[in-house]
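So you can see what is in the structure, the chains are spelled out below.
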Amino acid sequence: MTAVQEPAAGAEIGRDRRRKEDQRLITGRTRWTDNLTLPGMLHLAMVRSPFPHARITNIDTAAAKASPNVVAVLTGADLGEAQGACINAWPVVTDQVTPTHLPMPTDRVAFAGETVAVVVARSAAAARDASELVEVDYEELPAALDLKEAAAAHESGGTLAHPDLGTNVSAVWRFDSAEAGTGGDVEEAIAQARANGILIEREYRQQRLIPAFMEPRSVVVDPTGEQITMWSATQVPHILRFALAATTGVPESKIRVIAPDVGGGFGGKLQQTPEEMITFAVARRLGKPVKFTETRSESLLTGHHGRDQWQRLTLAATKDGTVTGLKVDLLADLGAYVAIVGGGVPVLGAFMFNAIYKFPAYQFQTTNVLTNKTWTDAYRGAGRPEATYGIERLMDELAAEVGVDPLEIREKNWIKHEEFPFTTVAGLEYDSGNYEAATARAKEMLGYDELRAEQAERRARGDRVQLGIGVSTFTEMCGLAPSRVLGSLNYGAGGWEHAEVRMLATGKVEVVTGASAHGQGHETAFSQIVADRLGVAFEDVEVLHGDTQISHKGLDTYGSRSLVVGGEALVRAVDKVIEKARVVAAHLLEASADDLEFGDGAFTVRGTDASLPITEIATAVFAAHNLPDGVEPSLDSEATYDPVNFNFPHGTHLCAAEVDTETGQVALRKYVCCDDIGVVINPLIVAGQVHGGLVQGIAQALWEEAVYDDFGTLVSGSFTDYLLPTAADTISFEIDHTTTPSTTNSLGAKGVGEAGTIASTPAVVNAVVDAVRHLGVNDVQMPCTPERVWRAINSRSSGGSTTEAAAPHFDSAEGEAL
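Residues numbered from 1 in each chain as written. Predicted model: local features only at pLDDT ≥ 70, side-chain atom pairs only at ≥ 80, totals over all residues. Heavy atoms only, no water.

### Observations regarding the pattern of salt bridges
Piece 1. For the structure on display, the rule yields 61 salt bridges.
Piece 2. A salt bridge links D676 to K750; the nearest nitrogen and oxygen atoms lie 3.7 Å apart. One end of the pair, D676, is in strand β27 (residues 666-676); the other, K750, is in the loop between β28 (734-738) and α22 (755-772), with 74 residues separating them in the sequence. The two residues D676 and K750 agree in class, both being buried.
Piece 3. Residues participating in the shared-partner salt-bridge network are R48, R217, E275, E294 and E298. (Salt bridge = Lys/Arg side-chain N within 4 Å of Asp/Glu carboxyl O. Helix = DSSP H or I, 4+ residues; strand = E, 2+ residues; numbered from the N terminus. Buried < 20%, exposed > 50% of the residue type's maximum accessible area, 1.4 Å probe, protein only.)

### A closer look at helix α20 (residues 614-623)
Piece 1. Residues of α20 that are buried: I614, I617, A618 and V621. Here the buried residues of α20 occupy an arc of 105° about the axis, which is enough to place them on one side.
Piece 2. On its buried face, α20 is in contact with β19 (497-503), α18 (522-534), α19 (562-589), β22 (596-599), β23 (602-605) and β24 (611-613).
Piece 3. Positive backbone phi, at 60°, marks A624, one or two positions downstream of α20. (Arc of directions from axis to C-beta. Contact = heavy atoms within 4.5 Å.)

### Things to note about α19
Piece 1. A rise of 1.5 Å per residue sets the reference length of α19, with its 28 residues, at 40 Å; its end C-alpha atoms lie 38 Å apart and thus fit the reference within 8%.
Piece 2. Residue E590 follows α19 closely and has a positive phi angle near 55°. (Expected span 1.5 Å × (residues − 1).)

### Comments concerning the sheet that holds β19
Piece 1. Sheet architecture is open: 4 strands sit in the order β21-β20-β19-β25, paired in mixed fashion. Strand pairing shows two members of the sheet lacking a second neighbour, β21 (541-544) and β25 (637-641), which therefore form its edges. The average angle at which neighbouring strand axes cross in this sheet is 15°, direction not considered.
Piece 2. Both β19 and β25 contribute to a ladder of 5 bridges, which runs antiparallel. Directly across from V501, in β25, lies its bridge partner S637.
Piece 3. In the packing of α19 onto the sheet, the strands contacted are β19, β20 (509-513) and β25, and the crossing angle to β25 comes to about 145°. (Pairing = 2+ DSSP bridges. Axes fitted to C-alpha atoms, helices over the stretch in contact; angles between N-to-C directions.)

### As for the sheet that holds strand β26 (residues 650-660)
In a beta sheet, neighbouring strands are held together by backbone hydrogen bonds and run either parallel or antiparallel to one another.
Piece 1. Across the sheet, 4 strands lie side by side as β18-β26-β27-β28; this open sheet has mixed pairing. Of all strands in the sheet, those with a lone pairing partner are β18 (465-475) and β28, marking the two edges. On average, each strand axis in the sheet is tilted by 15° relative to the strand beside it, whichever way the strands run.
Piece 2. In the packing of helix α15 (residues 435-446) onto the sheet, contacts are made with β18, β26, β27 and β28, and the angle to β26 comes to roughly 30°.

### With respect to the domain arrangement of the protein
Piece 1. Considered domain by domain, the protein is made up of domain 1 (431-479 + 645-810) and domain 2 (496-641).
Piece 2. The partner domain 2 presents 16 residues to the 17 residues of domain 1 that form the contact.
Piece 3. Taken together, both faces of the contact between domain 1 and domain 2 bury some 1,200 Å²; the carbon and sulfur share is 58%.
Piece 4. Across the contact surface, domain 1 and domain 2 share 0 salt bridges.
Piece 5. If you look at where domain 1 meets domain 2, you find 6 residue pairs in polar contact (both at pLDDT 80 or more).
Piece 6. Here the side of domain 1 that touches domain 2 is composed, by residue class, of 6 nonpolar, 9 polar and 2 charged. (Domains from an automatic or database assignment. Buried area = accessible area lost by both parts, 1.4 Å probe. Polar contact = N/O pair within 3.5 Å; in protein donor to acceptor, adjacent residues only side chain to side chain. Nonpolar A, V, L, I, M, F, W, Y, C, P; charged D, E, K, R; others polar.)

### Here's the deal with the pairing of strand β11 (residues 255-258)
Piece 1. Judged from the 4 bridges that link them, strand β10 (residues 228-232) and β11 form a sheet pairing that is parallel. What sits directly across from I228, in β11, is I255.
Piece 2. In terms of handedness, the path from β10 via helix α9 (residues 237-248) over to β11 forms a crossover that is right-handed. (Right-handed = clockwise from strand over helix to strand, strands pointing away.)

### Thoughts on the packing of aromatic side chains
Piece 1. A complete count under the given rule lists 13 aromatic pairs for this structure.
Piece 2. Relative to Y138, the ring of F51 lies with its centre 5.3 Å away and its plane at 75°, an arrangement referred to as edge-to-face. Taken together, the residues F51 in the loop between β1 (42-48) and β2 (54-60) and Y138 in strand β6 (residues 135-140) connect sequence positions 87 residues apart.
Piece 3. The interplanar angle of 75° and the centroid separation of 5.4 Å between the aromatic rings of W90 and Y491 together place this pair among those described as edge-to-face. Residue W90 is found in the loop between α3 (76-79) and β4 (108-109), and its partner Y491 is found in the loop between α17 (483-488) and β19; the two are separated by 401 residues along the sequence.
Piece 4. Taking relative accessible area as the criterion, W90 reaches 3% and is therefore assigned buried.
Piece 5. Members of the aromatic cluster, each reached through a chain of ring pairs, are W173, F351, F353 and F364.
Piece 6. The aromatic ring of F213 is capped on one face by K269, whose charged end is 4.6 Å from the ring centroid.
Piece 7. The ring of W496 is capped by K553, whose NZ or CZ atom sits 5.5 Å from the centre of that ring. (Phe/Tyr/Trp six-rings, centres within 6.5 Å; stacked < 30°, edge-to-face > 60°. Lys NZ or Arg CZ within 6 Å of the ring centre and 35° of its normal.)

### Considerations on the state of the cysteines
In protein structure, a disulfide is the covalent linkage between the sulfur atoms of two cysteines.
Piece 1. All chains considered together, the criterion is met by 0 disulfides.
Piece 2. Lacking any disulfide linkage, C784 is separated from the closest cysteine sulfur, that of C655, by 11 Å. (Disulfide = S-S within 2.5 Å.)

### Notes on unusual backbone geometry
Piece 1. Going from F420 to P421, the amide bond is cis rather than trans, its omega being -5°.
Piece 2. Omega for the bond connecting M782 with P783 falls within 30 degrees of zero, at -10°, which places this linkage in the cis form.
Piece 3. Its location among the elements puts P783 in the loop between α22 and α23 (786-797).
Piece 4. Phi at A355 is positive, roughly 55°, even though this residue is not glycine.
Piece 5. Relative to the elements of secondary structure, A355 occurs in the loop between α12 (345-350) and β15 (362-370).
Piece 6. When its relative accessible area of 4% is taken as the criterion, A355 is described as buried.
Piece 7. The phi dihedral of D600 is positive, around 55°, even though this residue is not glycine.
Piece 8. With respect to the helices and strands, the residue D600 is situated in the loop between β22 and β23.

Right, here's the structure in full:
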């Protein structure tokens, strides 16, 4: 059943709660890693390669060592095996080609920005000054920079990113529905469509993006205690602790990792970074606390990037627009190294290209390619935005070919609400959904029919500014978790999550979660869940996280998994507390446990007024004066939850955009979305997640792109050239939701952290193309800058060529017509 969720009277779940975290964040009482100062702490500065590919022939550190307040200057050779290595946790095929990734290479650099030496000084300023005195001699080597050329280098004799490997192809991963037994033969479907149907063939570019989180990465390591303690601006303290132990030889029990307040991540902080490994190694070597905090330029240059694909897509359909097959062939740029998840990001997309549609046949192949650029890994959505973009662009192309409205072609092919649960051609089982309800609501919010009428009028008049309406009906697999599924894909870890609930003697509650927040509002949402379930006050719940000493088990935060996996673990731990308390309550009330009902925070003997609050039971258990024989004096409980399936939120996003056909300028006029994310815990937090996600997805469509020049230099290495939108660049969004509860967790919840980013990019690009399709345009490569839009229009209207004399002048940085 689908309806708009209303919170129950007095309930916490479904209630707009301001985040507990916000008070300290907005008043400056934060615990950022860079705020930490320890006695005798030293500071690091990294010496980085200016070349994308070069042999290190000599490093002269004498001048830097003689600089004031410098304690040491170290190279990779100095640190040796103590520096460990950066791991790849997902070798997507057994014969994956994986270059060794040392935090500081000793002989050769593979991308511009790679660290070759580290300066240790008594202040950050002294370290930075001395780093400029380190003299490094390089022998430049040819660099593999173009993705398509790099993919073909082995056959063509082209440049290799790592000559010792003999190839740039790290892995080729393939899925075929006929081979898997989940569908038919895609080549047969294509042949039939070519002969007597519709065949859509397109190539789309997913440009390289930079996560650009608010807080630059920072790490502090203190080796002076019984344990080595690391504070890091990371999404993954538990995974980081494991990686440190696994690659340095330090026992895991001797390492403590703390993620204090973390200022955003978007996947960009789920890495085991070279800088973390270097700081760890230097602290161990010197026996003193050490800090490294990157500059914004370093963050943009060396923090992992995202996306960067070429997509060659083929869609087969009958003449009436019924889809019959889909073939996907990707080239994915991994950059210089295979990151912790890196090669698996396009594989995640393999399960989402079919989206909400009933394709009978499907084939997917990704070729993962090494280049001499910054390594890539997960960025908000991780493979699923790329897939959603591809299929949603194709569905618009199919609608245009058939000559029907884009929503009509989608409705013709999507899974009907009565068909759930539905097993897709990619082999996943979608548990619940109602695409009809979300779409109907979104159409109503946009005023869809009225805008279509206005669009027709503008076209008839030949207006300079044309109106386009973009559609994106999406779903995503999130709650990345099922360990058996991850194992079948050769992923190196599980996907479970852990939680613990402690009932204190005063009736207050402590919650410990393995999920690690970096802006999601865990402390608030988890408090609401526990308050509702235990019947205690919201204010009486304290949530602890992000410290491997306090939260001893966990798999951290990414892939929209915190609520649907971590939240379910928490529910199960709470239920164990209730069942323990039931035994004690029965004893104290002199009743049978079977006769007790629990609600509103108290046990009541059925049919009587006799009751006992769980807070009083907690006090009685602490005193332990009158417990049943054999019952231990503790209500504390823990649970580890490993789901059997992913989680599948969905929604319909509609964008109205205006395009100036003479300058190519795009202006958003209206953006609405109706997402179905199951049962909502906190609508205010959801709104924040959706709004933030929308801006990031729209930014990919219109503004953001990481650009390298022919020499391998990142020319968009500052916010002057890498165009992040401000509030002034966007519009107010209208959001709503329908509620189809998930059946994969007891909360009925679905993930929301990535939904806005996944859906919005194709909605905006579809709107841009829709505005000028009647002028012969069927694609504009992202980002849709005014220059690119103008050239797309004029290359069609002039028969495929554009004369420089006719073109307006464009600013090279922003693509704005002057």
